[in-house]
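# Chain and residue survey
In case you want the letters, here they are:
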Amino acid sequence: MSSSDIFIGETIGTAVLILLGGGVCAAVTLKASKARNAGWLAITFGWGFAVLTAVYISAPLSGAHLNPAVTLALAIKDNDFSNVATYWGGQLLGAMIGAALVWVAYYGQFLAHLTDKEIVGGPGAQATKVKAVEAQETGAGPVLGVFSTGPEIRNVVQNLATEIIGTVVLVLAVLTQGLNDNGNGLGTLGALITSLVVVSIGLSLGGPTGYAINPARDLGPRIVHALLPLPNKGGSDWSYAWIPIAGPLIGGAIAAGIYNVAFA
């Protein structure tokens, strides 16, 4: 694969991943959305199908890493870091494009949500005695969850450990696909397996932090949230932002180490 193929494939694939994954978060979160309050099952399966779609689209060009933690793990496994920067650049750009497209697709819902006094407070809000939980969280605005992850309980050690553990599971599942079918991998079936692993992680390990398990997935949309002209959008919670970057990268490195010791 050429550097241009890698960059283009990762940009397109990660944009699709975030468009569909962030899209389900918007659908469930925003007022005036037909899917509002559809719940955690909708989010986890939405992200799983987002992975399936993005991997299928981008695999012919770049191999569909779509995740800096996966790229790092494969580089450690193969002892080849020559294309890491190209992969990471495409992934971050794609994540930002995907997040911007979510804003475009749900433009009216964002405006309705962020001008509703029950959500953002302000004069007259006291009469309803209702305010979104997101708007009360320190450092996080009322729609940040559409773009990026955040913990239910802020505990640095636990939050970091949760992201590490979830990413180890994801990356081990990706790395060991190559050992199946007599070393020929799983082919297109691998996209389905990976998407189901993401659903499983979301259902089982997503509760504490919202399971970023992907630094680009969290950082790119968080940057877009900070830049978008959204009224009453609140903060982007930058004090937490390092955890969904460091945790998955550490988890990816650990998974590569486990693979090299146990499977190579």
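Parameters at a glance
One numbering rule holds for all chains: residues counted from 1, following each sequence as written. Given that this is a predicted model, residues contribute local features only at a pLDDT of at least 70 and side-chain atom pairs are listed and counted only at 80 or more, while totals for whole chains, interfaces and linings are drawn from all residues. Excluding hydrogens and water, the side-chain values take into account all heavy atoms of the structure. UniProt positions are given in the numbering used here, feature names are shortened, and annotations may be inferred rather than shown by experiment. Helix and strand assignments come from DSSP, with helices taken as H or I runs of at least 4 residues and strands as E runs of at least 2, each series counted from the N terminus. When accessible area is computed with a 1.4 Å probe and restricted to protein chains, residues below 20% of their type maximum are described as buried, those above 50% as exposed, and intermediate ones as partly exposed. A contact between two residues is defined here by any heavy atoms of the two lying within 4.5 Å. All accessibility values rest on the Shrake-Rupley procedure with a 1.4 Å probe; residue burial counts only the protein chains present in the view. Aromatic pairing here means that ring centres of Phe, Tyr or Trp (its six-membered ring) are within 6.5 Å. Orientation follows from the plane angle: under 30 degrees is stacked, over 60 is edge-to-face, and everything else is tilted. Nonpolar cores were defined as sets of buried Ala, Val, Leu, Ile, Met, Phe, Trp, Tyr and Cys residues, with membership established by side-chain atoms within 4.5 Å. Helix span is expected to be 1.5 Å times the residue number reduced by one. Polar contacts here mean pairs of N or O atoms no more than 3.5 Å apart (in protein, one a potential hydrogen donor and the other a potential acceptor; neighbouring residues in sequence count only if both atoms are side-chain atoms). Fitting axes to the seven residues that end at a residue and to the seven that start at it, the angle between those axes gives the bend at that residue.

The chain has the name MIP/aquaporin family protein in an unreviewed UniProt entry, where Streptomyces sp. R35 is given as its organism. According to the UniProt record, the Subcellular location (unreviewed entry) comment for the chain is "Membrane". Recorded in UniProt under Sequence similarities (unreviewed entry), the annotation for the chain is "Belongs to the MIP/aquaporin (TC 1.A.8) family."

## Here we look at the overall build of the chain
In terms of helices and strands, the chain carries 13 helices and zero strands. Taken from N to C terminus, the helices and strands of the chain fall in the order α-α-α-α-α-α-α-α-α-α-α-α-α. Looking at the chain residue by residue over its 264 residues, the buried ones come to 48%. Long-range pairs, those at least 24 residues apart, make up 77% of the contacts in the chain between residues at least 6 apart in sequence. For the chain, the accessible area works out to roughly 11,600 Å², and carbon and sulfur atoms hold 65% of it.

## So, the packing of aromatic side chains
Tallied over the full model, the rule gives five aromatic pairs. When the centroid spacing of 5.8 Å and the interplanar angle of 70° are considered together, the rings of Trp 40 and Tyr 211 count as edge-to-face. Here the residue Trp 40 occupies a position in helix 2 (residues 40-62), and Tyr 211 occupies one in the loop between helix 11 (189-205) and helix 12 (215-227), the gap between them amounting to 171 residues. Taking 5.8 Å as the distance between ring centres and 70° as the angle between the ring planes, the aromatic pair formed by Trp 103 and Tyr 107 counts as edge-to-face.

## Points about the UniProt feature "transmembrane region" (unreviewed entry) in the chain
On the UniProt side, "transmembrane region" (unreviewed entry) is annotated at positions that read residues 6-28, 40-59, 87-107, 191-213 and 240-262 here. End C-alpha atoms of residues 87-107 are separated by 30 Å, and the span's content is 95% helix alongside 0% strand. Secondary structure across residues 240-262 divides into 87% helix and 0% strand, with the first and last C-alpha atoms of the span separated by 33 Å.

## What about the environment of Ile 6?
Inspection of the secondary structure puts Ile 6 in helix 1 (residues 3-29). With 59 residues separating them in the primary sequence, Ile 6 and His 65 have C-alpha atoms 9.5 Å apart. For Ile 6, the residues in contact, after removing those within four places along its chain, are Met 1, Leu 61, Ser 62, Asn 83, Thr 86 and Tyr 87.

## Observations concerning the nonpolar core
Membership of the largest hydrophobic core comes to 37 residues, with the highest contact counts inside it found for Leu 17, Trp 47, Phe 110, Val 143, Val 146, Phe 147 and Leu 230. Counting only elements with at least two residues in this core, the list comes to helix 1, helix 2, helix 4 (84-105), helix 5 (107-114), helix 9 (144-147) and helix 11. Element by element, the count of residues in this core is highest for helix 1, at eight residues. Those residues in contact with Val 146 that sit more than four places away from it in its chain are Gly 22, Cys 25, Ala 26, Thr 29, Leu 30, Val 102 and Phe 110.

## Points about helix 12
Between its first and last C-alpha atoms helix 12 spans 18 Å; for 13 residues at 1.5 Å apiece the expected length is 18 Å, and the two agree. Looking only at helix 12, the buried set comprises Pro 215, Ala 216, Arg 217, Asp 218, Gly 220, Pro 221, Arg 222, Val 224 and His 225. Looking at the buried side of helix 12, the elements it contacts are helix 1, helix 2, helix 3 (68-78), helix 4, helix 9 and helix 13 (243-262). Put simply, Asn 214 is the residue that caps the front of helix 12, since its side-chain oxygen is 3.0 Å from the backbone nitrogen of Ala 216.

## Looking at the side chain of Arg 222
Here Arg 222 lies in helix 12. Engagement of the side chain of Arg 222 in a polar contact is seen with the backbone oxygen of Ser 236, the distance being 2.8 Å. Ignoring anything within four residues of it in the chain, the contact list for Arg 222 reads Leu 144, Ser 148, Thr 149, Ser 236, Asp 237, Trp 238, Tyr 240, Ala 241 and Pro 244.

## Thoughts on unusual backbone geometry
Of all residues except glycine, most have a negative phi; of all peptide bonds, most are trans. Look at Ala 64: it is not a glycine, yet its phi comes out positive at around 60°. By secondary structure assignment, the location of Ala 64 is in the loop between helix 2 and helix 3. A residue is classified by how much of its surface remains accessible, and Ala 64, at 12% relative accessible area, is buried. One non-glycine residue, Leu 66, lies in positive phi territory at about 60°. Along the polypeptide, Leu 66 turns up in the loop between helix 2 and helix 3. Judged by its relative accessible area of 4%, Leu 66 is buried.

## Some thoughts on helix 2
If you check helix 2, its first and last C-alpha atoms are 31 Å apart, about what 23 residues at 1.5 Å a residue would give, namely 33 Å. The axis of helix 2 is deflected most strongly, by about 35°, at Tyr 56, and proline Pro 60 appears within four residues downstream. Every buried residue belonging to helix 2 is among Ile 43, Thr 44, Gly 46, Trp 47, Gly 48, Ala 50, Val 51, Ala 54, Val 55, Ser 58 and Ser 62, and all of these are buried. Once helix 2 ends, the next one or two residues include Gly 63, with phi positive near 85°.

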